[in-house]
Amino acid sequence: MVGLKSRLVSPTTQRRVLMGVLFTMAALVLALVGLRIEQLSYSAYLQDLKLSTTVDLIDVREGVEARIFEDMLILNEVATYIGENPDLGQQEFSRLAGRLVAPGDSILNIAAAPDLEVAMTYPVAPNAAVLGLNYRTHDGGSAPVTEAIRSGDVVLTAPVTLVQGGTGLIAHRPVYTDGPDGRELWGVVSLVIDFYAFLRGAGLIEVADTLDVLVVDDRGGELIFGDPEVAHTDHITLEFDFPDGSWTFMATTLGGWPATHPDFGRERAAMISVGLLFLGGLAYTMYLADARRMAQLRLSDAIEALDDGFAMFGPDGRLVMANASYKKIYSEVADITVPGAEFEVLAREELRRGQHSVPPEQREQWVQERVASFLAADTEHVQLHGSGRHIRVSDRRTSDGSTVGLRVDVTELDRAKESAEAANAAKTQFISLLSHELRTPLTVVLGHVRLVRHVDRMEAGRKLFEAIADPDTPRDRIAARAHEVVDTIAASMDRVEQSGDHLLYLINEMLNFAKIESGTLSVEPTPCDIYRIVGPVEEQMRLAAEEKGLSFSVDLQPGCVLADEVRARQILFNLIGNAVKFTETGGIALRVEMLAESVRFTVRDSGPGIPDAEQRKIFDAFHQVDSSAARRVGGTGLGLAISLELARAQGGDLSVESVANEGSAFILTLPRAADSAV
């Protein structure tokens, strides 16, 4: 059932479904491509955004690095000075620190703690609360100080709540002096930086207005600055290393990375517009392709449906296409009549395989003339094929240099033309013969009638009137003269009657043929005894044969035939009459044979016979084998045509077997009837 349904779907519907599937696939591919482009565009935008964020973060890191580096230089310079002058006092310390710290700087305090207890500070007034701070016991400062002493380098801590108030970033650096036992720990120097001033100076505060920033101390994971949630996002990460520690900078755009490109709507609208334009173009292209395909298919189907041969050759003389009728006409080379075949090659193969009736010595000339005719195009001629077919060849050149060839089988047309010409000639001959046949008996009739009208001018009549006028003529002599006149008139009337019968025969033949042509001839086959048909024919035709000195024999098998008695007898009269007319010596024989389903009547003569070429034509109307003989023996040339139609009208047939100069045999077959039916 599924296979039946698939066969019921028209090729047009299948093609349209396929085009719909292709269009849908194209739309899907276009959507996927658009989505991929959108993803790539977003990835590029996000990459640019991350790059920009990284650059901003690098700027911040460099700012932090610059600030810390500057402050570490101050811290190292103070530590170096104290290491060389361990016995300095507050006044000298202040002078040192004041020289290093610029007014308005973010440095809040520089403190010196010999033996880990703050004894000096700068500036003194704001940091008085720091004096006396012991790092060994101070909860917030002991650990960094201890780490600085252990590492021998600077240790940063931030943010730190300051003793003097506020939040700061503290850098501790151990100070060593040279003693009798080598390097000895003098204490530590601490640098306190205003945390928020430090952030502003490094650019972190400004960056936080456009980015979500997080700064973490890697040593313990302490938060330096920013939002801890940044650590849980897809963030940019930068490391900042400094002596004995490092910070990690993390950043994203405010609220995280954007989910879409800022021009997402516009780009999507543009892609949709481009996609619709592409799909519209694709649909139009598919429509044009389908229309072109349909036009080509219709043209191909139309060309293939032609009864005549059609072929197209390109400007290079190679075959482009040929329909089935063309290949059928050139059946001998159908296997090589394929696109790309050269015209000259096909022409030579046609000759080699016997497609055309051309003598061997003329074949090369034929090929050259055929190729020249093809190249000239706009030509028309008739080819005679080896099969006897007549093919009209018409080659026409197109505007692009191609050649279109039409091949029309005109065999039947030529034969019909020949038949028509022959029939016309036969009718002309028939009319001439008929005029002669009608004129001859009419002349006889009119001549004898005129003679009888003037009986007194006849010799017998003149003698009768002379005898009557002479009173001495005996009565018996007058009676004898009267009998002579009567005999003369009777002889003339016999000639008139014979001529009238002949005229009636001719007219009946023409009337019978006219009835056959119009289909109004009445034929009623019935079961009848064969002798009832043959008997009257034998009786009349025996006398005609014997008068001409011919023998006549009848060999009859008794039986029953299904026939129209009058029409069957008419056929036999015609066949035997023709045999008598055209046979000069010898004899005529009628043989009747009872076959299984038919009765065969054979009329055989010893006449001149009929040539083979004429045997198929003698049953044609108006055809006569020899018109001179017909004039000699009489007849219209319709007898055999009428006999054939009468035989077929009774369900039988009529045929001939003949050998020139030996005689002919006409065979009439009629259906056999059951003997009991008679």
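Everything below is about the structure printed above this text.
Residues numbered from 1 in each chain as written. Predicted model: local features only at pLDDT ≥ 70, side-chain atom pairs only at ≥ 80, totals over all residues. Heavy atoms only, no water.

Asks: Teacher, can you tell me more about the sheet that holds strand β2 (residues 120-122) here?
Replies: Within a sheet, each strand pairs with its neighbour through backbone hydrogen bonds, oriented either parallel or antiparallel. Pairing in this open sheet of five strands is antiparallel, and the strands run β2-β1-β5-β4-β3 from one edge to the other. Each having just a single partner strand, β2 and β3 (155-161) make up the two edges of the open sheet. Pairs of neighbouring strands in the sheet enclose a mean axial angle of 20°, with direction left out of account. Note: strand β1 (residues 107-114) against β2, three bridges, orientation antiparallel. Note on β2: the bridge partner recorded for Ile110 is Tyr122. Of the strands in this sheet, β3, β4 (167-179) and β5 (182-194) are in contact with helix α4 (residues 142-151), which crosses β4 at around 40°. Relative to β5, helix α5 (residues 195-202) is tilted by about 75°, and along the sheet it contacts β3, β4 and β5. (Pairing = 2+ DSSP bridges. Helix = DSSP H or I, 4+ residues; strand = E, 2+ residues; numbered from the N terminus. Axes fitted to C-alpha atoms, helices over the stretch in contact; angles between N-to-C directions. Contact = heavy atoms within 4.5 Å.)

Asks: Looking at this structure, how should I read unusual backbone geometry?
Replies: Backbone geometry follows two general trends: most residues other than glycine have a negative phi, and most peptide bonds adopt the trans configuration. Residue Pro123 is reached from Tyr122 by a cis peptide bond, and omega for that bond is -10°. Mapped onto the secondary structure, Pro123 falls in the loop between β2 and α4. Non-glycine residue Leu116 carries a positive phi angle of around 65°. Mapped onto the secondary structure, Leu116 falls in the loop between β1 and β2. Unusually for a residue other than glycine, Asn661 sits at a positive phi of about 70°. Here Asn661 shows up in the loop between β20 (653-659) and β21 (663-671). For Asn661, a relative accessible area of 71% corresponds to the exposed category. (Buried < 20%, exposed > 50% of the residue type's maximum accessible area, 1.4 Å probe, protein only.)

Asks: What's the story with α4 in this structure? I'm lost.
Replies: Listed as buried for α4 are Ser142, Pro144, Val145 and Ala148. The inward-facing, buried residues of α4 contact β3, β4 and β5. Looking at the residues trailing α4, positive phi occurs at Gly152, about 70°.

Asks: Teacher, can you tell me more about the environment of Cys528 here?
Replies: As for its placement among the helices and strands, Cys528 is situated in strand β15 (residues 526-529). Measuring from C-alpha to C-alpha, the distance between Cys528 and Ala673 comes to 7.9 Å, with 145 residues separating the pair along the chain.

Asks: I tried to follow α5 on my own but got confused; where do I start?
Replies: Given 3.6 residues per turn, any residue in an α-helix points the same way as the ones three and four places further on. All buried positions along α5 are accounted for by Phe195, Ala197, Phe198, Leu199 and Ala202. One side-chain oxygen of the residue at the start of α5 lies 3.2 Å from the amide nitrogen of Tyr196, identifying that residue as Asp194. Backbone geometry just after α5 places Gly203 at a positive phi near 90°. (Polar contact = N/O pair within 3.5 Å; in protein donor to acceptor, adjacent residues only side chain to side chain.)

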